[in-house]
Amino acid sequence: MGVLVLNAGMEPLHTVSVPHAVRMLMRNVAEIHEAETGSKFGHFPLPKVVRLVRYVVMQWRYKHPPRWSRRGVLRRDDFKCAYCGKHADTVDHVVPLSRGGERTSWLNTVACCGGSSRSCNARKANRLPAEAGMHLRVKPRVPAWTEVYGPA
Ligand SMILES: [Zn+2]
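Identification of the chain as 5-methylcytosine-specific restriction endonuclease McrA from Labedaea rhizosphaerae is taken from an unreviewed UniProt entry.

Written out as structure tokens, the structure reads:
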């Protein structure tokens, strides 16, 4: 589980591990913005979100793509299925995991409709799009930070 780090101006920057977040608190680099109620890590409430005390220039964002997440893929693709354009509620691995596709790559994942046997997710199953006779309407790409987390 990661701890979300917010810039002093509240923009999400990245996630860090709990021990890393606690070290930031101990060094007074960051303050707790949101904590897990009832849980502690040493003397600190278990942080869920920490906020930097001083504003950092966001060069970090230019060097690092946002971390992959299912939610991020859905947001990048505007919750539209990459195959049929209907509402997407799941994520498809273009090259299936069973065929060596990467699990957490922005470039191997697209938003996809799921939930029924007629959904694109069920139709494609463990096949490549071409094998399933399906066509990608969008090319998977690494999203901008704002596409995943909203405007800064
Ligand atoms: Zn679909």
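Caption draft 1: Spatial organisation of the domain arrangement of the chain. Domain boundaries assigned for the chain yield domain 1 (3-63) and domain 2 (70-148). Computed from C-alpha atoms alone, the centre-to-centre distance between domain 1 and domain 2 is 31 Å.

Caption draft 2: Seen up close, the coordination of the zinc ion. Within the protein, Cys81 (SG), Cys84 (SG), Cys113 (SG) and Cys120 (SG) serve as the donor atoms for the zinc ion, at 2.3 Å. If you look at the zinc ion, its four donor atoms make angles of 104 to 115° with each other, and the shape they trace is tetrahedral.

Caption draft 3: Summary view of helix α1 (residues 18-26). Within the span of α1, buried status applies to Val18, Ala21, Val22, Met24 and Leu25. Down the axis, α1 shows its buried residues gathered within 155° of arc, on one side only. Where the residues of α1 are buried, they touch β1 (3-6), β2 (12-16), β3 (30-41) and β4 (44-52). Where α1 ends, the next residue or the one after it, Asn28, has phi of about 60°, a positive value.

Caption draft 4: Representation of the pattern of salt bridges. In this structure the tally under the stated criterion is seven salt bridges. Arg76 is the salt-bridge partner of Asp77, the closest N and O atoms lying 2.8 Å from each other. What makes Asp77 buried here is its relative accessible area of 11%.

Caption draft 5: Spatial organisation of the sheet that holds β2. With mixed pairing, the four strands of this open sheet are ordered in space as β2-β1-β4-β3. Taken across any chain shown, the strands that pair with only one partner, and hence form the sheet edges, are β2 and β3. Averaged over all adjacent pairs, the angle separating strand axes in this sheet is 30°, with direction ignored. Across the sheet, α1 is in contact with β1, β2, β3 and β4; its angle to β4 comes to roughly 75°.

Caption draft 6: Molecular detail of the side chain of Arg76. As for its placement among the helices and strands, Arg76 is situated in helix α3 (residues 70-76). Under the relative-accessibility criterion, Arg76 is labelled buried at 6%. For Arg76, the side chain forms a polar contact with the main-chain oxygen of Arg141, separated by 2.6 Å. Once residues lying within four places of it in the same chain are set aside, the contact partners of Arg76 are Trp106, Thr109, Val110, Pro140, Arg141, Pro143 and Glu147.

Caption draft 7: The arrangement of the pairing of strand β5 (residues 90-93) in detail. A two-sided burial pattern is seen for β5, the buried positions comprising Thr90 and Asp92 on one face and Val91 and His93 on the other. As judged from the four bridges shared by β5 and strand β6 (residues 109-112), these two strands associate in the antiparallel manner. If you follow Thr90 over to β6, its bridge partner there is Cys112.

Rules used throughout
Residues numbered from 1 in each chain as written. Predicted model: local features only at pLDDT ≥ 70, side-chain atom pairs only at ≥ 80, totals over all residues. Heavy atoms only, no water. Domains from an automatic or database assignment. Donors = N, O, S within 2.8 Å, 3.2 Å for Na, K, Ca; no water. Tetrahedral: all angles 85-135°; square planar, octahedral: opposite > 155°, others 65-115°. Buried < 20%, exposed > 50% of the residue type's maximum accessible area, 1.4 Å probe, protein only. Helix = DSSP H or I, 4+ residues; strand = E, 2+ residues; numbered from the N terminus. Arc of directions from axis to C-beta. Contact = heavy atoms within 4.5 Å. Salt bridge = Lys/Arg side-chain N within 4 Å of Asp/Glu carboxyl O. Pairing = 2+ DSSP bridges. Axes fitted to C-alpha atoms, helices over the stretch in contact; angles between N-to-C directions. Polar contact = N/O pair within 3.5 Å; in protein donor to acceptor, adjacent residues only side chain to side chain.

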